[in-house]
Amino acid sequence: MARKPATPKPPPAPLTASPIEPHSERGRNALRDASIWIGMAAFVWLAWKLAPMLMLIIGGLVVAAALQGAERQLSRIWRAPMQVRMGVVIFVLLALLTSFVLFASYQLAEQYAQLRSTLTAQFIAFADYARGNGVDFGEAGRDPVGAMQHRFAGSLGSVRETVGSFVGAIGSLVFMLMIGIYVAVDPRIYERGIEWLTPEAHRAGMAATVMACARTLRHWIGGRMLAMAIEGGIMFVGLWAVGVPLAGLLGLTAGLLAFIPTLGPMIAGVIVVAMGFSAGVDTGLWALAIFAFVQFLEGYVLTPIIEKKVVDLAPAVVLAAQLLFGVLFGIIGVALADPIVAMAKVALSHRSMATQPDAAGD
């Protein structure tokens, strides 16, 4: 008996849409937008958790800008390859740091001990006078220098925890120096990395923005270092001329603290004036006058001539950035607020100019 041919099975029904997939174009767009916002939030959270390390990296970029600026100045008088000039700049920098540690650090340590004892005596006397008039400074009135050091160390505490193997501010400075040397020796490799992470349609604009930010940072650090040298030199000569003790250490301190805007000159002024009054009322008044002259020179001559040519920033914006970065990141945030705001302005300016042709074409 012949078998009946098998009836072909009907094709399987097409699969319905996945229950986790949006069923409309509007839903898919909403899911895409939500993913972008969640990714941005995750990036901000990660940046917040790594903020101390990011501050050290930005500090390393500032060091790299200083090294590149010195190399470019050397290129005006020496037509050697860039790597050779950069090697000479790094060698001179390391030689100066080594000489300072081996020869000058001991004398400065002794002078610092003398400076601390003098300042402590001055502030204790002032605190006793204030306490007699109903104002109590608490622990700061008994050891003001120690209290200041404690607050400074506290502002670097998160950095020390992040760096781990390095100890305190010295380790942070070494870390920034190493980053600066690596970036300064071969900056192009890092620029190519940034371009590679950028969509192809925007790589040319990103390259121009990176170059503009690097040029702004070089000019800013060059102007800042020139202003520091002028302020420290004038402070040393003036204090030495009127007989203030430890004029060399005070000039060096004032020059270094000038790198930290707003807060640095205030700390330097308190130290200089207190040290001046330790030698007498007349000497203290002369020290106050010298400090006021240096601040007038810095605020109305040096900064407008040197830094305003690099990037013109509104004073209120700069002060607000210093306050915000100081609260978030401590003393390092205050020191790096100006270059961060300057580079942000340059980047936003280039971005707006890059979008103008597109807007005109639409």
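Residues numbered from 1 in each chain as written. Predicted model: local features only at pLDDT ≥ 70, side-chain atom pairs only at ≥ 80, totals over all residues. Heavy atoms only, no water.

Caption draft 1: Local environment of the overall build of the protein chain. What the protein chain contains, in helices and strands, is 14 helices and 0 strands. Each helix and strand of the protein chain, placed in order from N terminus to C terminus, yields the pattern α-α-α-α-α-α-α-α-α-α-α-α-α-α. A burial count over the protein chain gives 34% of its 362 residues as buried. In the protein chain, the proportion of contacts linking residues at least 24 apart, taken out of those at least 6 apart, comes to 67%. A total of about 22,900 Å² of accessible surface is found on the protein chain, and carbon and sulfur atoms cover 70% of it. (Helix = DSSP H or I, 4+ residues; strand = E, 2+ residues; numbered from the N terminus. Buried < 20%, exposed > 50% of the residue type's maximum accessible area, 1.4 Å probe, protein only. Contact = heavy atoms within 4.5 Å. Areas by Shrake-Rupley, 256 points an atom, 1.4 Å probe, with all protein chains shown as cover.)

Caption draft 2: Inspection of empty space enclosed by the protein at higher detail. In the structure shown here, the tally under the stated rule is 1 cavity of 30 Å³ or more. Size it by volume and the largest cavity reaches roughly 50 Å³. Together, Glu 231, Met 235, Ala 254, Ala 258, Pro 265, Ala 268, Phe 291, Val 294 and Gln 295 line the largest cavity. Mapped onto the lining of the largest cavity, the elements with two or more residues apiece are α9 (203-242), α11 (263-277) and α12 (281-307). Considering each element in turn, the lining of the largest cavity owes the most residues, 3 residues, to α12. Counted by class, the lining of the largest cavity contains 7 nonpolar, 1 polar and 1 charged residues. (1 Å grid on protein atoms, 1.4 Å probe; cavity = no way out; pocket = protein on both sides within 12 Å on 5 of 7 lines; lining within 4 Å. Points joined across faces, edges and corners; volume = space filled by probe spheres on them. Nonpolar A, V, L, I, M, F, W, Y, C, P; charged D, E, K, R; others polar.)

Caption draft 3: Region of interest: the nonpolar core. Met 55, Leu 115, Met 235, Leu 239 and Leu 250 are the most contacted members of the largest nonpolar core, which has 53 residues in total. Counting residues per element, the ones that place at least two in this core are α2 (51-75), α3 (82-132), α9, α10 (247-257), α11, α12, α13 (315-329) and α14 (331-361). Tallying contributions element by element places α14 first for this core, with 11 residues. Every residue in contact with Leu 239, bar those within four places of it in the chain, is listed here: Val 244, Ala 247, Leu 250, Val 272, Ala 287 and Ile 290. Ranked by size, the runner-up nonpolar core spans 10 residues in total, among them Ala 64, Leu 67, Ile 179 and Val 183. (Core = buried A, V, L, I, M, F, W, Y, C linked by side-chain atoms within 4.5 Å.)

Caption draft 4: Looking closely at the side chain of Gln 322. Looking at where Gln 322 falls in the secondary structure, it is placed in helix α13. Residue class for Gln 322 comes out buried when judged on its relative accessible area of 7%. Non-local contacts of Gln 322, meaning those with residues more than four positions away in its chain, are made with Pro 261, Thr 262, Val 334, Ala 337 and Asp 338.

Caption draft 5: Layout of the pattern of salt bridges. If you walk through the whole model with that rule in mind, you get 5 salt bridges. The partner of Glu 191 in a salt bridge is Arg 188, with the nearest N and O atoms 3.2 Å apart. Taken together, the residues Glu 191 and Arg 188, both in helix α8 (residues 187-196) and 3 residues apart, mark about one turn of the helix. Its relative accessible area of 35% is what places Arg 188 among the partly exposed residues. Through salt bridges with shared partners, a single ionic network connects Arg 188, Glu 191 and Glu 195. (Salt bridge = Lys/Arg side-chain N within 4 Å of Asp/Glu carboxyl O.)

Caption draft 6: Spotlight on the layout of surface pockets. Considering only enclosed or pocket space, the second largest pocket measures out at about 1,300 Å³ in volume. Considering the residues around the second largest pocket, the lining is formed by 40 residues, among which Leu 61, Ile 194, Val 210, Cys 213 and Met 343 are closest to the centre. Put simply, the parts of the chain that give the lining of the second largest pocket at least two residues each are α1 (25-49), α2, α3, α7 (168-185), α8, α9, α13 and α14. A per-element tally of the lining of the second largest pocket places α2 first, with 11 residues. A class-by-class count of the residues in the lining of the second largest pocket yields 32 nonpolar, 2 polar and 6 charged.

Caption draft 7: Looking closely at the packing of α10 against α11. Where α10 meets α11, the closest approach of the two axes is 8 Å, and the angle between their N-to-C directions is 165°. Considered as vectors, α10 and α11 are oriented roughly antiparallel to each other. Every pair of crossing elements has a handedness; the one defined by α10 and α11 is left-handed. Contacts from Leu 250, Ala 254 and Leu 257 in α10 reach Gly 264, Pro 265, Ile 267, Ala 268, Ile 271, Val 272 and Met 275 in α11. (Axes fitted to C-alpha atoms, helices over the stretch in contact; angles between N-to-C directions. Parallel < 35°, antiparallel > 145°, perpendicular 65-115°, else oblique. Left-handed = near helix turned anticlockwise from the far one by under 90°.)

Caption draft 8: A look at the side chain of Thr 198. Mapped onto the secondary structure, Thr 198 falls in the loop between α8 and α9. On the basis of relative accessible area, Thr 198 is assigned to the buried category, the value being 9%. Here the side chain of Thr 198 touches Ile 194 through a polar contact of 2.8 Å, landing on its backbone oxygen. (Polar contact = N/O pair within 3.5 Å; in protein donor to acceptor, adjacent residues only side chain to side chain.)

Caption draft 9: Spatial organisation of the confidence of the model for the protein chain. Of the residues in the protein chain, 74% have a pLDDT of 70 or more, and the chain-wide mean is 76. The secondary structure element of the protein chain with the lowest average pLDDT is helix α6 (residues 157-163), at 43, and the one with the highest is α9, at 88. For residues 153-166, every residue scores under 50 in pLDDT, and the model assigns this stretch 21 contacts once sequence neighbours within four places are set aside. The low-confidence segment residues 357-362 (pLDDT under 50) makes 0 contacts with residues lying over four places distant or belonging to another chain. (pLDDT = per-residue confidence, 0-100.)

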